[in-house]
Amino acid sequence: MMKRTFLWSAVALSLLAGSVAFAAPTPAIDRYTVELPAHEYLTAPGQTKHAIPLGYGSALTYKGTTPDGAIEFYGVTDRGPNLDSVQYHDGDQKLSSKIFPVPDYAPRIGVIRVKDGKATVVSSFSLKNKAGQDISGRPIPQGALGNTGEIGLDLQFRPLAYDKNGLDPEGLAVDAQGHFWLTDEYGPFLIEYDRQGRELRRFAPGQGLPKILQERQPNRGAEGLAITPAGKLMVMVQSTLNVGGKTKNVANFTRLVLVDPKSGDVKTYAYPITPGSYKKNSAMKLGDIAAINDHQFLVIEQGKDAQGTMQNRIYKIDIAKATDITDMTSGQNALEADQDALGKLFQPVQKDLFLDLRQHGWTVEKAEGIVLLPDKKTLAIANDNDFGIALKIEGAAAGQDDITEYTYDANQQILRGADGTPTRIRATMSEGPDPSVLWLIHLPQPL
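Below is a summary of the structure that appears in this document. (Residues numbered from 1 in each chain as written. Predicted model: local features only at pLDDT ≥ 70, side-chain atom pairs only at ≥ 80, totals over all residues. Heavy atoms only, no water.)

### Digging into the nonpolar core
Turning to step 1, where the next piece is worked out: Within the largest apolar cluster, 43 residues are counted, with the highest numbers of intra-cluster contacts made by Phe73, Phe157 and Leu438.
Turning to step 2, where the next piece is worked out: In terms of residue count, strand β7 (residues 83-90) provides more of this core than any other element does, three residues in total.
Turning to step 3, where the next piece is worked out: In this structure, Ala226, Tyr271, Phe297 and Val349 belong to the second largest nonpolar core, which totals 21 residues. (Core = buried A, V, L, I, M, F, W, Y, C linked by side-chain atoms within 4.5 Å. Buried < 20%, exposed > 50% of the residue type's maximum accessible area, 1.4 Å probe, protein only. Helix = DSSP H or I, 4+ residues; strand = E, 2+ residues; numbered from the N terminus.)

Below you can see the structure in the form of structure tokens.
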């Protein structure tokens, strides 16, 4: 279903980061709820009453326009349906956990077609390892590069096997050969796939990507990806790095990494946090990035502000005068540890507010896909709706319905967090709050 609105109010917001790019009139917006055919729903083992819709909005890129005028996009799912879960005790180890209702789900790339007032997923394919076998989205084994310190559980809280090829896709681009490039939150990794979704090669921290990227916060790895006209890949780290476990709230920037896939050349730039925008610096989350040209990009920035209000904004950035910080430190420390380094030791990217999505009716939580169409005046935005599911706890103690406050001990008992009393709870699924949406924003002037 599509709804078009015309918005004529100016963006009334002033930030230290820069000036507002739009003045009235602001653009017309076509709003769609993404529709799925029946085969794009999943059924979790033992959960036949609840169908799980696939969500292809973790990243978005342009595929093309068909002869009959349909606009097509590639979208990607993340690691699969997952739910918050208990603290899992494995001997002396205490691990955070996630429930994977469909443990063997393989992340997918889908084609979203926009035509006749509808946005519909018309085809899709799974991601595969180099041997051509489907991967999964389950966590990477402990001790391996990309492990997040979490363990996967099923709906009965039983531990699942790790997957050495596990991937949590979050960024998507297509190069001139028609090959797909993906970034993920685990490694973070940058991976090239052929047209059938089979892995060809992989960049990792210390192996083609700056080693410091392994200091990403768990599940806050490479969230976005853009390909420039020159064929370079801009990898976007979602949030501040947590170097040595100490800098996630000290750091006043996150990192953008520009990779030349042909030469292997790498440059790194600082994306600054606008002072006062968040209660904690680690609360800033970048959603995706789109290239305007070889030095200018559009970036989705989001997160809850100091008052707990969700914000989803698009910023226009320019790397032309930014310092390459790939090999820079502040004395013996990472730049993230020195709050005075930004603007003194190095210059960040120029950052200007472009569009505030919330001011124009965006109500879902996560804007995670952005692409600028070839006309340079149509912008597409998609959301990650977490597969349209939410956690439902049955048998929770009064006032304690946060499942992360419960523990699962070596005797396979669920313990109530407040007093450690053995209890019985059951994890099931309910419908999530957000539909899968796609916006087409028609800009007043080409970028």
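So much for the structure itself; the text now carries on.
### Quick notes on the sheet that holds strand β18 (residues 233-237)
Turning to step 1, where the next piece is worked out: Within the open sheet, the four strands sit side by side as β17-β18-β19-β20. Their pairing is antiparallel. A strand with exactly one partner marks an edge of an open sheet, and here the two such strands are β17 (222-227) and β20 (266-272). Neighbouring strand axes in the sheet, compared pairwise and without regard to direction, differ in orientation by 20° on average.
Turning to step 2, where the next piece is worked out: Sheet analysis places strand β19 (residues 253-259) next to β20, joined by seven bridges and oriented antiparallel. The partner of Thr254 across the bridge, within β20, is Tyr271. (Pairing = 2+ DSSP bridges. Axes fitted to C-alpha atoms, helices over the stretch in contact; angles between N-to-C directions.)

### Looking at the side chain of Gln311
Turning to step 1, where the next piece is worked out: For Gln311, the position within the fold is in strand β23 (residues 310-318).
Turning to step 2, where the next piece is worked out: Within polar-contact distance, the side chain of Gln311 engages the backbone oxygen of Ser277 at 3.1 Å.
Turning to step 3, where the next piece is worked out: In this structure Gln311 touches Ser277, Tyr278, Glu301, Gln302, Gly303, Lys304, Asp305 and Arg358, once residues within four positions along its chain are discounted. (Polar contact = N/O pair within 3.5 Å; in protein donor to acceptor, adjacent residues only side chain to side chain. Contact = heavy atoms within 4.5 Å.)

### A look at the sheet that holds strand β21 (residues 285-291)
Turning to step 1, where the next piece is worked out: The antiparallel open sheet is built from four strands, whose spatial order is β21-β22-β23-β24. Strands at the two margins of the open sheet, each flanked by one partner only, are β21 and β24 (350-356). Put simply, the sheet's adjacent strands are angled 30° from each other on average, direction ignored.
Turning to step 2, where the next piece is worked out: Summarising the sheet, β21 and strand β22 (residues 296-304) pair through five bridges and their orientation is antiparallel. Among the inter-strand pairings, Ala290 is bridged to a residue of β22, identified as Leu298.

### A short note on the pairing of β23
Turning to step 1, where the next piece is worked out: Summarising burial for β23: eight of the nine residues are buried, a large majority.
Turning to step 2, where the next piece is worked out: Note: β22 against β23, nine bridges, orientation antiparallel. The residue of β23 that forms the bridge with Gln296 is Asp318.
Turning to step 3, where the next piece is worked out: The hairpin turn running from β22 into β23, its antiparallel successor, is five residues long, and Gly308 in that turn takes a positive phi close to 85°.
Turning to step 4, where the next piece is worked out: Pairing between β23 and β24: six bridges, direction antiparallel. Across the sheet, the residue bridging to Tyr315 is Leu353, located in β24.

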